[in-house]
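If you want the building blocks of each chain, they are given just below.
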Amino acid sequence: MPAFPPNLECKVMKKDTLITTAGRDPESNHGIVNPPVYHASTITAPSLAEFRELRTRRWDLDVFTYGRQGTPTHQSLEVATAALLGGDRAVCMGSGLAAINAAMLAFLEAGDHVLMVDTVYGPARNFCNNFLGRFGVSTTFYDPEIGADIKALIQDNTKIVYTESPGSLTFELQDIRAIADEAHKRNCVVIIDDTWSSGVFFQPFEFGVDVSVIAATKYIVGHSDAMMGIITTTDEHWQRVRQSASALGANSGPDDVYLALRGMRTIGVRMRQHHENGLKLAKWLEKRPEVDRVLHPGLSTHPGHEIWKRDFSGACGLFGVVLNPVSEGAIAAMIDGLELYGMGSSWGGFESLILLTNPAATRTVAKEKWQNDGPTLRIHAGLEHSDDLIADLEKGFERLNTTR
Ligand SMILES: Cc1ncc(COP(=O)(O)O)c(C=O)c1O
């Protein structure tokens, strides 16, 4: 059986090299470049003694006991992701949301308290309010720009400080190091949703994060054809995270894992192009008279720009645009006629997308801040040529202006 040992050189390799090498071991696989796709439910042991022994080591590398606990194909992606993020161990889940839920449940019990960023991905907010709440776990939402002042919100029963940077829909940057320092003084676990950078532009563990969750559905899969989540953590938190992932049973199928592995090998070049296209569109949009402001961390006008420059090495293709007030009809005329932008709730694939969002509907701390704005769009800059993407938006603004 091919082994996929963690590459001990990882910590010194450049990202592009890690992306193409980590988690692969052609020498143990007949020289074949990519790992095989193992389809498995039953995995047999040669003897009673070994059956028992393997079960005591079921979360160790190279130990496989049952399809739901993963196969060498899963391990390949897990090793590659942990190396990319600078964490110790990772586990694949069936979706990004399953990864979020498993990561949180790893550390919670009735009576605990969660500090959750107000700009969190909507379904994670829902998980806190409508699910954890029923099991006696309370949640306080906090301002993403709170920094070290998070300390005033930490209670004796706070177990998790959950972050997402930049935030969903409005792209506020968080000072992760300052937050993690305060959280650790009170023994809280720091979780980050790192989907926006997907391990390429941000090193969560260098900033004090304990557990990273990524919706691999987005950039790691990268081609809009599979669902996947990955939790990465340090050795210190591994057992709890792995047990939680196992208890929930929301594992991923080997074919989807293979698609994620295949996407992983090109994520570096794709992200550079998403970065370039996204910034070009953002800069062009910033100059349009129809636009009130562009919510892109790479723009010097963005409130979190200095943190982004300090902590990140790039931007993905996802950003927001607040338009000046216009009628619903005008916005529909603009969006409906676009040829290169699909309207869909996901992002991170090769294709461009546009979505009319409503940040006020999923905020409690900053509800008023987003209430009186014109329409807010979320744009995903795909890998098409930026000239064509701009030309399509330009025609969209013409339609918007004639329908006003
Ligand atoms: C920031 C963020 N995290 C997590 C998720 C959830 O990922 P999935 O759709 O794979 O469950 C999404 C999905 O849109 C997301 O935008």
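Residues numbered from 1 in each chain as written. Predicted model: local features only at pLDDT ≥ 70, side-chain atom pairs only at ≥ 80, totals over all residues. Heavy atoms only, no water.

A. Structural context of the overall build of the chain. Helices and strands together make up the secondary structure of the chain, namely 12 helices and 12 strands. For 404 residues, the compact-globule estimate of 2.2 N^0.38 gives 22 Å, and the C-alpha radius of gyration of the chain, at 22 Å, lies within 12% of that figure. For the chain, the spread of C-alpha atoms along the three principal axes comes to 75 × 50 × 35 Å. In the chain, which comprises 404 residues, the share counted as buried stands at 56%. If you take every contact in the chain between residues at least 6 apart in sequence, the share linking residues at least 24 apart comes to 75%. Looking at the chain as shown, the accessible area adds up to about 16900 Å², and 52% of this sits on carbon and sulfur atoms. Of the side-chain charges in the chain, 38 are positive and 49 negative, and the distance between the mean point of each set is 2 Å. (Helix = DSSP H or I, 4+ residues; strand = E, 2+ residues; numbered from the N terminus. Rg over C-alpha atoms; globule rule 2.2 N^0.38 Å. Buried < 20%, exposed > 50% of the residue type's maximum accessible area, 1.4 Å probe, protein only. Contact = heavy atoms within 4.5 Å. Areas by Shrake-Rupley, 256 points an atom, 1.4 Å probe, with all protein chains shown as cover. Lys, Arg positive; Asp, Glu negative; His and termini not counted. Charge placed at Lys NZ, Arg CZ, Asp CG, Glu CD.)

B. Looking closely at the confidence of the model for the chain. In the predicted model, the chain carries a mean pLDDT of 95, and the fraction of residues at 70 or more is 97%. Across residues 1-9, confidence stays below pLDDT 50; counting only partners more than four residues off in sequence or on other chains, it has 24 contacts. (pLDDT = per-residue confidence, 0-100.)

C. Representation of the site of the ligand in the model. Residues in close proximity to the ligand total 14 residues, the closest being Gly96, Leu97, Asp193, Thr217 and Lys218. The contact in question runs from an oxygen atom of the ligand to an N or O atom on the backbone of Gly96, over 2.8 Å. Here an oxygen atom of the ligand sits 2.8 Å away from a polar atom, N or O, in the main chain of Leu97. Notes on the ligand: free accessible area 390 Å², of which the protein chains cover 91%. Residue contributions to the shell around the ligand peak at 3 residues, all from helix α4 (residues 96-105). Classifying every residue of the shell around the ligand by side-chain character gives 6 nonpolar, 5 polar and 3 charged. (Near = heavy atom within 4 Å. Polar contact = N/O pair within 3.5 Å; in protein donor to acceptor, adjacent residues only side chain to side chain. Nonpolar A, V, L, I, M, F, W, Y, C, P; charged D, E, K, R; others polar.)

D. Layout of the sheet that holds strand β6 (residues 211-215). The 7 strands are arranged β1-β7-β6-β5-β4-β2-β3 in an open sheet whose pairing can be described as mixed. In this open sheet, the two strands that pair with only one neighbour each are β1 (89-93) and β3 (138-142). In this sheet, adjacent strand axes meet at a mean angle of 20° when their direction is disregarded. Here β6 runs beside strand β7 (residues 229-233); their pairing, made up of 5 bridges, is antiparallel. For Ile214, the partnering residue across the bridge sits in β7 and is Ile230. (Pairing = 2+ DSSP bridges. Axes fitted to C-alpha atoms, helices over the stretch in contact; angles between N-to-C directions.)

E. Here's a closer look at the nonpolar core. Formed by 92 residues in total, the largest nonpolar core has its most connected members in Leu77, Met104, Tyr162, Met228 and Ile231. Counting the residues that make up this core, at least three belong to each of domain 1 (13-115 + 184-264) and domain 2 (268-403). The residues contacting Tyr162, other than those within four sequence positions of it, are Ile100, Met104, Leu115, Met116, Val117, Val120, Tyr142, Ile191, Asp193 and Val213. Of all hydrophobic cores here, the second largest spans 27 residues; its members include Trp284, Leu285, Leu323 and Ala330. (Core = buried A, V, L, I, M, F, W, Y, C linked by side-chain atoms within 4.5 Å. Domains from an automatic or database assignment.)

F. Molecular detail of the packing of aromatic side chains. Counted according to the given criterion, the structure contains 7 aromatic pairs. Ring centres of Phe131 and Phe135 lie 5.2 Å apart, and the angle between their planes is 40°; this geometry places the pair in the tilted category. Given a relative accessible area of 34%, Phe131 falls into the partly exposed group. Grouped by ring-pair contacts, the aromatic residues Trp196, Phe202, Phe207 and Phe312 constitute a single cluster. Its guanidinium or amino end placed over the ring of Phe51, Arg55 lies 3.8 Å from that ring's centre, counting from NZ or CZ. Above the face of the Phe141 ring, Arg125 is positioned so that its terminal group lies 4.0 Å from the ring centre. (Phe/Tyr/Trp six-rings, centres within 6.5 Å; stacked < 30°, edge-to-face > 60°. Lys NZ or Arg CZ within 6 Å of the ring centre and 35° of its normal.)

G. Representation of helix α7 (residues 235-248) in the model. Over its 14 residues, α7 runs 20 Å from end to end, which matches the ideal 20 Å to within 8%, given 1.5 Å per residue. His237, Trp238, Val241, Arg242, Ser244, Ala245 and Ser246 are the residues of α7 that are buried. Residues of α7 that are buried make contact with β1, α4, β5 (189-193), β6 and β7. Just downstream of α7 lies Gly249, where phi reads positive at about 70°. (Expected span 1.5 Å × (residues − 1).)

H. Region of the structure containing empty space enclosed by the protein. Counted by the stated rule, this structure contains 2 cavities of 30 Å³ or more. Taken as a whole, the largest cavity holds about 100 Å³ of empty space. Surrounding the largest cavity, 14 residues form its lining, Arg68, Val91, Cys92, Arg242 and Asn251 being those nearest its centre. Partitioned by chemical class, the residues of the lining of the largest cavity number 5 nonpolar, 6 polar and 3 charged. Lining the second largest cavity are Leu318, Gly344, Ser346, Leu353, Ile354, Leu355, Arg378, Ile379 and His380. Those elements that provide at least two residues to the lining of the second largest cavity are β11 (352-357) and β12 (376-380). (1 Å grid on protein atoms, 1.4 Å probe; cavity = no way out; pocket = protein on both sides within 12 Å on 5 of 7 lines; lining within 4 Å. Points joined across faces, edges and corners; volume = space filled by probe spheres on them.)

I. Representation of the packing of helix α3 (residues 72-85) against helix α8 (residues 254-264) within the structure. α8 packs onto α3 with a crossing angle of 35° between their chain directions and a minimal axis gap of 9 Å. For α3 against α8, the interelement crossing comes out left-handed. On the side of α3, the interface is formed by Thr73, His74, Ser76, Leu77, Ala80, Thr81 and Leu84, while α8 contributes Pro254, Val257, Ala260, Leu261 and Met264. Class assignment of the residues belonging to the contact of α3 with α8 gives a composition of 8 nonpolar, 4 polar and no charged. (Left-handed = near helix turned anticlockwise from the far one by under 90°.)

J. Spotlight on the pairing of β6. Burial within β6 is extensive, with 5 of its 5 residues counted as buried. Burial of the side chains of β6 extends over both faces: Val211, Val213 and Ala215 are buried on one face and Ser212 and Ile214 on the other. Inspection of the sheet shows β5 paired to β6 by 3 bridges, in the parallel sense. Paired with Ile191 across the bridge in β6 is Val211.

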